[in-house]
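Summary of the model geometry
One-letter residues, chain by chain:
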Amino acid sequence: MLVIRLARIGTKNKPNYRIIITEKGRDNYGNVLENLGTYNTSTKALKLEEAKVKAWISKGAQLSATLNNLFIDKGIIKGEKMKSRRMNTEKLVKARADKDVAAKKKIEDDKAAAEAAKAAEIAAKEAEAAAKAEAAAAPVVENPVAEVK
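Rules behind the numbers
- Residues numbered from 1 in each chain as written.
- Predicted model: local features only at pLDDT ≥ 70, side-chain atom pairs only at ≥ 80, totals over all residues.
- Heavy atoms only, no water.
- Pairing = 2+ DSSP bridges.
- Helix = DSSP H or I, 4+ residues; strand = E, 2+ residues; numbered from the N terminus.
- Contact = heavy atoms within 4.5 Å.
- Axes fitted to C-alpha atoms, helices over the stretch in contact; angles between N-to-C directions.
- Buried < 20%, exposed > 50% of the residue type's maximum accessible area, 1.4 Å probe, protein only.
- Core = buried A, V, L, I, M, F, W, Y, C linked by side-chain atoms within 4.5 Å.
- Polar contact = N/O pair within 3.5 Å; in protein donor to acceptor, adjacent residues only side chain to side chain.
- Salt bridge = Lys/Arg side-chain N within 4 Å of Asp/Glu carboxyl O.

Once that is clear, we can look at the sheet that holds strand S3 (residues 34-40). Strand-to-strand pairing in sheets goes through backbone hydrogen bonds, with the strands running parallel or antiparallel. Across the sheet, five strands lie side by side as S4-S3-S2-S1-S5; this open sheet has mixed pairing. The open sheet has two edge strands with one neighbour each: strand S4 (45-48) and strand S5 (62-63). Bridge analysis of S3 against S4 gives four bridges, and the strand direction is antiparallel. Residue pairing for S4: Thr38 is matched across the bridge by Lys47. With respect to the sheet, helix H1 (residues 50-58) is in contact with strand S1 (2-8), strand S2 (16-23), S3, S4 and S5, its orientation differing from that of S3 by roughly 120 degrees.

A few words now on unusual backbone geometry. Positioned with a positive phi, Asn13 is a non-glycine residue whose angle comes to about 65 degrees. Among the structural elements, Asn13 can be located in the loop between S1 and S2. Asn13 gets classed as exposed once you look at its relative accessible area, which sits at 69%. In this structure, Lys44 takes a positive phi of about 60 degrees despite not being glycine.

Formed by 18 residues in total, the largest nonpolar core has its most connected members in Ile4, Ile19, Leu36, Leu48, Leu67 and Phe71. Where this core is concerned, the elements lending two or more residues are S1, S2, S3, H1 and helix H2 (65-74). Looking at which element gives the most residues to this core, the answer is H2, with four residues. Setting aside chain neighbours within four positions, we find Ile4 in contact with Ile19, Ile20, Ile21, Leu36, Val53, Trp56, Ile57, Ala61, Gln62, Leu63, Ser64 and Leu67.

As for its placement among the helices and strands, Asn69 is situated in helix H2. A distance of 2.8 Å separates a polar side-chain atom of Asn69 from the backbone nitrogen of Met82. Every residue in contact with Asn69, bar those within four places of it in the chain, is listed here: Lys81 and Met82.

This part is about the pairing of S3. Across six bridges, S2 lies against S3 in antiparallel orientation. Its bridge partner being in S3, Ile20 is matched across the sheet by Asn35. The hairpin formed by S3 and S4 contains four residues between the paired strands, and Lys44 there has a positive phi angle of roughly 60 degrees.

Another point: the pattern of salt bridges. Applying the stated criterion across every chain yields a total of seven salt bridges. One salt bridge in this structure joins Glu121 and Lys125, with 3.7 Å as the shortest N-O distance. One end of the pair is Glu121 and the other is Lys125, both in helix H3 (residues 85-137) and four residues apart, which spans about a single turn. A network of salt bridges, in which partner residues are shared, links Glu34, Glu49 and Lys52.

Here it is, written out as structure tokens:
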């Protein structure tokens, strides 16, 4: 899958970016298929070969979320903005925290159920022992056998 994304080329505290097209798993700084332009974040200057970008998009290349939003702001493409990965990461962290809370609650519920079952088992044994003791304490009445004449 081909991706159009940014590759940082600026110095420390002065970010500048190249707009490149590369395969999704490839390194941004290795072999790239094509340089499509540059973006200077301090001046918000965008130098871009729009025809090449549109040609790559028509061939099936995907835009990164940042570039998609930038191109929509600059009017190069039309569509809806995408959520950035940082926002998605915050949602993932919250979802994982909720999942952990649910798992802890399930463990606590399982422990409570096990303790309740154990208590019920002990109560049943005590009731059985009490019934045996009561039966042993009851006087034994013998029925006299009637003599047959």
